[in-house]
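Results of the structural survey
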Amino acid sequence: MNYSFDRHRRLRNSKGMRDLVRETHVHTKDLIYPIFVMDGNDIKNPVNSMPGVYQWSLDRVDAEAAEAVEKGIQAIILFGVPAHKDAVGTSAYDTEGIVQRATRQIKANHPELTVIADTCLCQFTDHGHCGVVQDGQILNDESLDLLVKTAVSQAEAGADIIAPSNMMDGFTTAIRQGLDEAGFKHVPVMSYSVKYSSAFYGPFRDAAHSSPQSGDRKTYQMDPANRREAFREARSDVEEGADFLIVKPALSYLDIIRDVREREELPIVAYNVSGEYSMVKAAAQNGWIDEEAVVMEKMVSMKRAGADLILTYFAKDVADWLNK
Ligand code: PBG
């Protein structure tokens, strides 16, 4: 026997050796934890399609934010579930809106926590679209004015980062300019830059009551088949002044995360979306997979693909697993 070959197994021989040569690490500080805030009192509503995820009223949400902080999570993103919906999403830009009140309250009680405000209209419009609808069309420029008002009111409430998720063209330019003119030059924009029209958002729409009442989001969110279009979307946002780029969903789009990483220098956020969460939960509840091992493998894969930050409903669990 006189074979000649590489001995890759030398570096896998023991846990210590494997730890020494590990290339990718997940840290609690990489995580962004989503919280759904709802108008009303004494509410902790379980979201049926997302075991472990709840809608919180403001009198109870601080306990949830405090738990995230205790675990070492540094950033949360707020999604609002308002009591009032209308055609133009008035409660999205109301100073007394659910996201604005939640932001003020959480920042007062946890000033060190970075509060990100999702900036969209779909939870706040009765038709469930992310912009103004006229004769069945989702109007672009007319929607921008409302998104700017929403972003400015969120910044006024104390949001540390504005995260527009609506996919209208020019939203980054409009929001950046609106924030600057209102005196919020220092507030960064985390753009949902590359957002595909995905069936993986199904459970979120239950949680946020944001399903479109007619049609779909295919005229504004991207076709999952397109790769070059992602570069154009990312480039527009960079040119328009975004500070972070989100790629969404994450796990079926790891190639896109890698591609964007290689083309752009801004921090990249992988949005590990609701459907990606619920599938793991369902399999774990059936005893078909090892939840911790599978979730940690997914976290590593998003970082390995090039993400700097991970927005995930698993954030508290991941923090626990990392801390143990
Ligand atoms: C709102 C918005 C959506 C998500 C985040 N912000 C839903 C959508 O576009 O329908 C999806 C998040 C998830 O599935 O976890 N525009």
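Every value quoted in this text rests on a predicted model; they were computed, and no experiment measured them. (Residues numbered from 1 in each chain as written. Predicted model: local features only at pLDDT ≥ 70, side-chain atom pairs only at ≥ 80, totals over all residues.)

**Looking at the packing of helix H8 (residues 254-263) against helix H10 (residues 291-305)**
- Between H8 and H10, the shortest axis-to-axis distance is 8 Å and the interhelical angle comes to 35°. Of H10, the residues touching H8 (which contributes Leu254, Ile257 and Arg258) are Ser301, Met302 and Ala305.
- Here the contact of H8 with H10 is composed, by residue class, of four nonpolar, one polar and one charged. (Axes fitted to C-alpha atoms, helices over the stretch in contact; angles between N-to-C directions. Helix = DSSP H or I, 4+ residues; strand = E, 2+ residues; numbered from the N terminus. Contact = placed C-beta atoms within 7 Å. Nonpolar A, V, L, I, M, F, W, Y, C, P; charged D, E, K, R; others polar.)

**Some points on the packing of H10 against helix H11 (residues 315-323)**
- Where H10 meets H11, the axes come as close as 11 Å, and the angle between the chain directions of the two elements is 100°. Our classification of the angle between H10 and H11 gives roughly perpendicular. Seen from H10, the contacting residues are Glu292, Val295, Met296 and Met299; seen from H11, they are Asp317, Val318 and Trp321.
- Class assignment for the residues of the contact of H10 with H11 results in five nonpolar, no polar and two charged. (Parallel < 35°, antiparallel > 145°, perpendicular 65-115°, else oblique.)

**Re the UniProt feature "active site" (unreviewed entry) in the protein**
- The sites that UniProt annotates as "active site" (unreviewed entry) are Lys195 and Lys248. These annotated residues cover 54 residues of sequence, and their C-alpha atoms all fall within 4.9 Å of one another, placing them together at a single site.
- Along the polypeptide, Lys195 turns up in strand E9 (residues 190-195).
- Accessibility expressed as a C-beta count within 10 Å gives 24 for Lys195, which makes it buried.
- Among all residues touching Lys195, those that are not within four sequence positions of it are Ser165, Met167, Gln221, Met222 and Lys248.
- Examined against the element boundaries, Lys248 turns out to sit in strand E10 (residues 244-248).
- With residues up to four places along the chain from it excluded, the contact list for Lys248 reads Tyr192, Val194, Lys195, Tyr196, Tyr271 and Val273. (UniProt positions renumbered as here; feature names shortened; annotations may be inferred. Buried ≥ 20, exposed ≤ 12 C-beta atoms within 10 Å, placed from the backbone.)

**Considerations on the UniProt feature "binding site: 5-aminolevulinate 2" (unreviewed entry) in the protein**
- Taking the UniProt record as the reference, the feature "binding site: 5-aminolevulinate 2" (unreviewed entry) is found at Ser274 and Tyr313. These residues run over 40 residues, yet every pair of their C-alpha atoms falls within 7.4 Å of each other.
- As for its position among the elements, Ser274 is in helix H9 (residues 274-285).
- Take Ser274: there are 25 C-beta atoms within 10 Å of it, and that puts it in the buried class.
- If we ignore the near neighbours within four places in the chain, the residues touching Ser274 are Met50, Phe200, Tyr201, Gly202, Pro203, Phe204, Ala207 and Tyr313.
- Position of Tyr313 relative to the elements: it lies in the loop between strand E12 (309-312) and H11.
- Not counting chain neighbours up to four residues away, the residues in contact with Tyr313 comprise Pro34, Met50, Val53, Ser274 and Tyr277.

**Points about H9**
- A rise of 1.5 Å per residue sets the reference length of H9, with its twelve residues, at 16 Å; its end C-alpha atoms lie 16 Å apart and thus fit the reference within 8%.
- Within H9, burial applies to Ser274, Gly275, Glu276, Tyr277 and Ser278.
- Contact partners of the buried residues in H9: helix H6 (202-208) and strand E11 (268-272).
- Among the residues trailing H9, Gly287 stands out with phi positive, at a value near 75°. (Expected span 1.5 Å × (residues − 1).)

**Things to note about the nonpolar core**
- Within the largest apolar cluster, 96 residues are counted, with the highest numbers of intra-cluster contacts made by Ile32, Val37, Ile76, Val247, Ile257 and Val269.
- Those residues in contact with Val247 that lie beyond four places of it in its chain are Val194, Tyr253, Ile256, Ile257, Val260, Ile268, Ala270 and Tyr271. (Core = buried A, V, L, I, M, F, W, Y, C linked by C-beta atoms within 7 Å.)

**Considerations on the pairing of strand E1 (residues 31-38)**
- By the criterion of burial, E1 is predominantly enclosed, with eight of the eight residues buried.
- Judged by which residues are buried, E1 turns out to be covered on both faces: Leu31, Tyr33, Ile35 and Val37 on one side and Ile32, Pro34, Phe36 and Met38 on the other are all buried.
- With two bridges joining them, E1 and strand E3 (residues 54-56) adopt parallel strand pairing. By the bridge assignment for E3, Phe36 is matched with Gln55. (Pairing = 2+ DSSP bridges.)

**Digging into helix H2 (residues 58-70)**
- Look at H2: 19 Å from first C-alpha to last across 13 residues, which is about the 18 Å you get at 1.5 Å a residue.
- Among all positions in H2, only Val61, Ala65 and Ala68 are buried. Along the axis of H2, the buried positions cluster into a sector of 55°, meaning they face one direction only. Exposed side chains of H2 directed beyond 90 degrees from the buried face belong to Asp59, Ala63 and Glu70.
- Elements in contact with the buried residues of H2: E1, E3, strand E4 (75-81), helix H3 (98-109) and H11. (Arc of directions from axis to C-beta.)

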